[in-house]
Amino acid sequence: MRQYLSKTTLAAIVLAAGVTAAAAQESIKVGVIQPLTGAFAASGNYVANGAKIAADEINAKGGVLGKKLELVIEDNKSNPTEAAAVAEKLIVRDKVPVMMGAWGSGFTLAIMPKLMEYKVPMLVETSSAGKITTSGNPYIFRISPPSAVEATAFAKIVDRLKIGKADFLVVNNDWGRGAAEDFGKMFKEHNIKVGLVETMDPPAQDMSAQLAKIKASDADTLIITTAVEQLTLIFKQAAALGLKKRIITTGGSQNPDQLIEQAGAAANDTTHITFFTPWNPNVSADPAMAKAFIDEWKKRGYPFAGLTESFRGYDGIRTIAAAITKAGKAEPEAIRAAFWQVELPGMNGKIKFEKAGPAGQESGQSNPGIYLIKIENGKVVLPNA
């Protein structure tokens, strides 16, 4: 009897192992790296939730190449070192053939050597530092606009804003410093003077010293680049100091509705560059897709404020799925080559990669649209409204 049971148990184990292996083969893994904890946790979770909606939609329609798309989501803890570590874990242990990440420019830059080492492509959904696509990494494909593209688009309307002199207050990382450099260059080309360039560390909570210096300057406009958590504090502290300058934020990570909720009246009369317009989906590049995404986001009980971030994850996973389909197989090199053939509608314009960086080692850069919105009396003033 014991012998019979042992054989039966062994057979069951072998069968279970076979089923598990078969199940694994029925999915295509995609690594997702976001700041789910730490200073930028709100934004990272919004992007991750947008990615989940895209994966669920794709799987409901049959998946990719007849297989389920499986997101393997890792937390970079708002830390570049951790970002590189989880990227290596996804590649080596989880065997993902492609990744999406990593929200902040510093996190993405930390991962980039790993992409070169293991030859695995990554779709960049948020990071905007220029050198991400100009440093010669052929495994990078970015759908978010770099600061230079933001500045170029902003240049089309800057003259009518009648800015005389601008100060900068930016987060002290590649994203913030890059924005100050690119916007500063554009301002000078339009005969706008550039004044102070003040920085703040990502986890900093007291910016009163920088704001006091800016208040005392003769600039009429303040350009701010940082995430929504820090912006909320800045607006409150600026109001407490009586700072009256025009404020314009860059980077598309401001979550205006969250600012209204958390900063209150201190957010009034501020202007923001955004990359998606959930307040008015009709001005999106694909209104029907935008409305469907917004409806699903609300259905899942996620905060409306997160939509200006979550669409990045949604578009990112859709783009990866399109590349895998073009490749015809879930292998890193085939997916990398296929990214160059991808062309699909995104929330803020057509997603199609152009070559950027040194010849022979080009990264891919898509060039989406941007929108300028304003907060007035506790409400978002819609684009073209």
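Residues numbered from 1 in each chain as written. Predicted model: local features only at pLDDT ≥ 70, side-chain atom pairs only at ≥ 80, totals over all residues. Heavy atoms only, no water.

Moving on to the nonpolar core. Counting 88 residues, the largest nonpolar core has Met 99, Phe 154, Phe 187 and Ile 317 as its most contacted members. Of all the elements, helix α11 (residues 307-327) adds the most residues to this core, at nine residues. Phe 154 has contacts with Leu 161, Phe 183, Met 186, Phe 187, Ile 248, Ile 273, Ile 370 and Leu 372, leaving out every residue within four places of it along the chain. Counting residues in each nonpolar core, the second largest holds 22 residues, with Leu 169, Leu 211, Leu 243 and Trp 279 among its members. (Core = buried A, V, L, I, M, F, W, Y, C linked by side-chain atoms within 4.5 Å. Buried < 20%, exposed > 50% of the residue type's maximum accessible area, 1.4 Å probe, protein only. Helix = DSSP H or I, 4+ residues; strand = E, 2+ residues; numbered from the N terminus. Contact = heavy atoms within 4.5 Å.)

Two numbers describe how α11 lies on helix α12 (residues 332-339): the axes approach to 8 Å, and their chain directions differ by 110°. Comparing their axes, α12 and α11 come out roughly perpendicular. Judged by residue contacts, Thr 319, Ile 320, Ala 323, Ile 324, Lys 326 and Ala 327 of α11 engage Ala 334, Ile 335, Ala 338 and Phe 339 from α12. When its residues are assigned to classes, the contact of α11 with α12 shows eight nonpolar, one polar and one charged. (Axes fitted to C-alpha atoms, helices over the stretch in contact; angles between N-to-C directions. Parallel < 35°, antiparallel > 145°, perpendicular 65-115°, else oblique. Nonpolar A, V, L, I, M, F, W, Y, C, P; charged D, E, K, R; others polar.)

Time to look at the packing of aromatic side chains. Enumeration according to the criterion identifies 15 aromatic pairs in this entry. Aromatic side chains Tyr 46 and Trp 297 sit 6.3 Å apart centroid to centroid with 65° between the ring planes, which places their arrangement in the edge-to-face category. Highlighted residues: Tyr 46 in helix α2 (residues 41-60) and Trp 297 in helix α10 (residues 287-299), separated in sequence by 251 residues. Since its relative accessible area comes to 12%, Tyr 46 is described here as buried. On the basis of relative accessible area, Trp 297 is assigned to the buried category, the value being 0%. Consider the rings of Phe 293 and Tyr 314, whose centres lie 4.5 Å apart with planes at 40°: the pair is tilted. Remark: Tyr 314 occurs in helix α11 and Phe 293 occurs in helix α10; sequence separation between them is 21 residues. Comparing Phe 293 with Tyr 314 shows no difference in burial state: the two are buried. An aromatic cluster is present here, built from Tyr 46, Phe 293, Trp 297, Tyr 302 and Tyr 314 joined pairwise through their rings. Above the plane of the ring of Tyr 139 lies Arg 336, whose end atom (NZ or CZ) is 5.9 Å from the centre. (Phe/Tyr/Trp six-rings, centres within 6.5 Å; stacked < 30°, edge-to-face > 60°. Lys NZ or Arg CZ within 6 Å of the ring centre and 35° of its normal.)

Here we take up the pairing of strand β11 (residues 343-346). Pairing of β11 with strand β12 (residues 349-352), which is carried by four bridges, proceeds in the antiparallel orientation. For Gly 346, the partnering residue across the bridge sits in β12 and is Gly 349. Where β11 folds back onto β12 in an antiparallel hairpin, the turn is made up of two residues. (Pairing = 2+ DSSP bridges.)

Within the open sheet, the seven strands sit side by side as β2-β1-β3-β4-β5-β14-β13. Their pairing is mixed. Each having just a single partner strand, β2 (68-75) and β13 (354-356) make up the two edges of the open sheet. Ignoring strand direction, the axes of neighbouring strands in this sheet form an average angle of 25°. In terms of strand pairing, β13 meets strand β14 (residues 363-365) through three bridges, oriented antiparallel. Looking across to β14, one finds that Ala 356 is bridged to Ser 363.

The terminal C-alpha atoms of α10, which comprises 13 residues, lie 18 Å apart, in line with the 18 Å expected from a rise of 1.5 Å per residue. For α10, the set of buried residues is Met 289, Ala 290, Phe 293, Ile 294 and Trp 297. Burial along α10 is one-sided: seen end-on, the buried residues are contained in an arc of 130°. Opposite its buried face, α10 presents the exposed residues Ala 288, Asp 295 and Lys 299, each directed more than 90 degrees away. Just beyond α10, the residue with positive phi is Gly 301, at close to 80°. (Expected span 1.5 Å × (residues − 1). Arc of directions from axis to C-beta.)

Distances and angles like these do not, on their own, reveal function.
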